Amino acid sequence: MGLDKSWIQIIDRTQPSYEQGVLEFLEFAFNGFDEGELLRCPCKKCNNNLYRSRKVIYEHLIMFGIKKDYVIWDLHGEIVSESEDDEENDDEQNCNDGLREMLHDIGSTFNIHNIPNVDGQPSEDKSYETSTNNEMNEEAYKFYRLLHDAEQELYPECEHFSKLSFIVQLLNIKCLFGLSAKSIDALLSLLTKAFPKGNKVPMSYFEARKVIRELGLDYEKIDACLNDCILYRGEHLQSKCCPSCGVSPYKDPNKKLPQKVLRYFPLAPRLQRLYMSSNSATEMRWHKDRPIEDGQMRHPADSIAWKSFDSQILLLQQIHVMLDLDWLVMVSIHMEI
């Protein structure tokens, strides 16, 4: 019988079912350990980084709650079995899958020619050109740098990673397991020494982030009021205190350490990247290009509200076209007069 982990998603930690889940987790985690043994605490505060006693872990899970993404208890004795076929497929899978195709699609949106194909062979053109007579705009320049990183081996004769794919997967692991920037710095320093000479491992987390920023998937930090009254942007950018509650935006005004920070993930560049890839763009438009009219609601596009919105937008577009035509007619009449 598998472990019941449904209690992890319970929001109200005062419910008996949540406490029962905590007790079952502790019974599973401490099975075989002596009394007084310390194990990692999976609460939101300790984040599996600190070792606690059974009593303290119980108190933390009740007070702070368990990490919602800690669904495989591998740090507490759970063993995840994988079939031999899956392991073989994982070994054979190329870690660069998808990156070259994505960069090829991105390059095509900039009208850049001679982008290497998926098989590594160049296209028919024999020199990098742009539609602006070799004047490389900023986006095209970013693309070239990404393409260069995607082509670079992580170290000489490395078969599974390019510099770009290594950085992407490293930062993905950081997000999945909540690693700090300092821990990534230490890991990169170790890998730089462990890998063969000439490796392309970034020297720091900051350097790795610079590469990812070129993908347009970064976020913006915006200082916020401690009591969630305002964001310090626009007219409040230079404010010394919150106009609503009067609280200072900084913990320490001298060091300008913010009380609270909002991380804003811009939607537009993420949508642009989705539509830059021919594969994901097709999936983004399936509800429009391949609709199924059977009365079933498979997508919000099947709802009455969505269809009503589409019809209004279509009407506005038609009105806009008509106004443009009227303007052209008036201009032509004026010129004739």
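Scroll up to find the structure.
Report follows, based on the coordinates. (Residues numbered from 1 in each chain as written. Predicted model: local features only at pLDDT ≥ 70, side-chain atom pairs only at ≥ 80, totals over all residues. Heavy atoms only, no water.)

Mapped onto the fold, Arg-145 is located in helix α5 (residues 138-151). With 69 residues separating them in the primary sequence, Arg-145 and Glu-214 have C-alpha atoms 8.3 Å apart. (Helix = DSSP H or I, 4+ residues; strand = E, 2+ residues; numbered from the N terminus.)

A few words now on a nonpolar patch on the surface. A contiguous nonpolar surface patch, about 460 Å² in accessible area, is contributed by Phe-309, Ile-313, Leu-315, Leu-316 and Ile-319. Locating Phe-309 in the fold gives a position in helix α12 (residues 304-336). Residue Phe-309 is classed as exposed on the basis of its relative accessible area of 51%. (Patch = residues over 30% accessible without salt bridge, like charges linked within 9 Å, V, L, I, M, F, W, Y side chains within 5 Å. Areas by Shrake-Rupley, 256 points an atom, 1.4 Å probe, with all protein chains shown as cover. Salt bridge = Lys/Arg side-chain N within 4 Å of Asp/Glu carboxyl O. Buried < 20%, exposed > 50% of the residue type's maximum accessible area, 1.4 Å probe, protein only.)

We now examine the pattern of salt bridges. Enumeration over the complete set of coordinates arrives at five salt bridges. The partner of Lys-67 in a salt bridge is Asp-69, with the nearest N and O atoms 4.0 Å apart. On the basis of relative accessible area, Asp-69 is assigned to the partly exposed category, the value being 47%. A salt bridge links Asp-289 to Arg-285; the shortest N-O distance between them is 3.0 Å.

Once that is clear, we can look at the packing of helix α6 (residues 163-177) against helix α7 (residues 181-194). To characterise two packed helices, one gives the angle between the axes of the helices and the distance between these axes. Packing of α6 against α7 leaves a shortest axis separation of 11 Å and a crossing angle of 140°. Here α6 lies oblique to α7, going by the angle between them. Along this stretch, α6 crosses α7, giving a crossing that reads as right-handed. Contacts between α6 and α7 involve Phe-166, Leu-170 and Lys-174 from the former and Ala-181, Ile-184, Leu-187, Leu-188 and Leu-191 from the latter. (Axes fitted to C-alpha atoms, helices over the stretch in contact; angles between N-to-C directions. Parallel < 35°, antiparallel > 145°, perpendicular 65-115°, else oblique. Left-handed = near helix turned anticlockwise from the far one by under 90°. Contact = heavy atoms within 4.5 Å.)

Glycine aside, residues mostly have negative phi angles, and peptide bonds mostly take the trans form. Unusually for a residue other than glycine, Glu-157 sits at a positive phi of about 70°. Here Glu-157 is to be found in the loop between α5 and α6. Judged by relative accessible area, Glu-157 falls into the exposed class, the value being 71%. With a phi close to 65°, Asp-228 is a non-glycine residue in the positive phi region. Considering the arrangement of structural elements, one finds Asp-228 in the loop between β3 (220-224) and β4 (250-252).

What follows deals with the side chain of Asn-48. Turning to its location among the elements, Asn-48 is positioned in the loop between β1 (39-40) and β2 (51-52). According to the relative accessible area criterion, Asn-48 is buried, its value standing at 5%. Those residues in contact with Asn-48 that lie beyond four places of it in its chain are Arg-40, Cys-41, Pro-42, Tyr-70, Leu-75 and His-76.

Counting residues in hydrophobic clusters, the biggest one holds 18 residues, and the most contacted among them are Trp-7, Tyr-18, Phe-25, Ile-57, Leu-61 and Ile-66. Elements with a contribution of two residues or more to this core: α1 (16-29) and α2 (54-63). Considering every element that reaches this core, the biggest residue donor is α1, with five residues. Here Tyr-18 is in contact with Trp-7, Ile-10, Asp-12, Arg-13, Leu-61, Ile-62, Gly-65 and Ile-66, once residues within four sequence places are set aside. Ranked by size, the runner-up nonpolar core spans 17 residues in total, among them Ile-167, Leu-170, Leu-188 and Ile-212. (Core = buried A, V, L, I, M, F, W, Y, C linked by side-chain atoms within 4.5 Å.)

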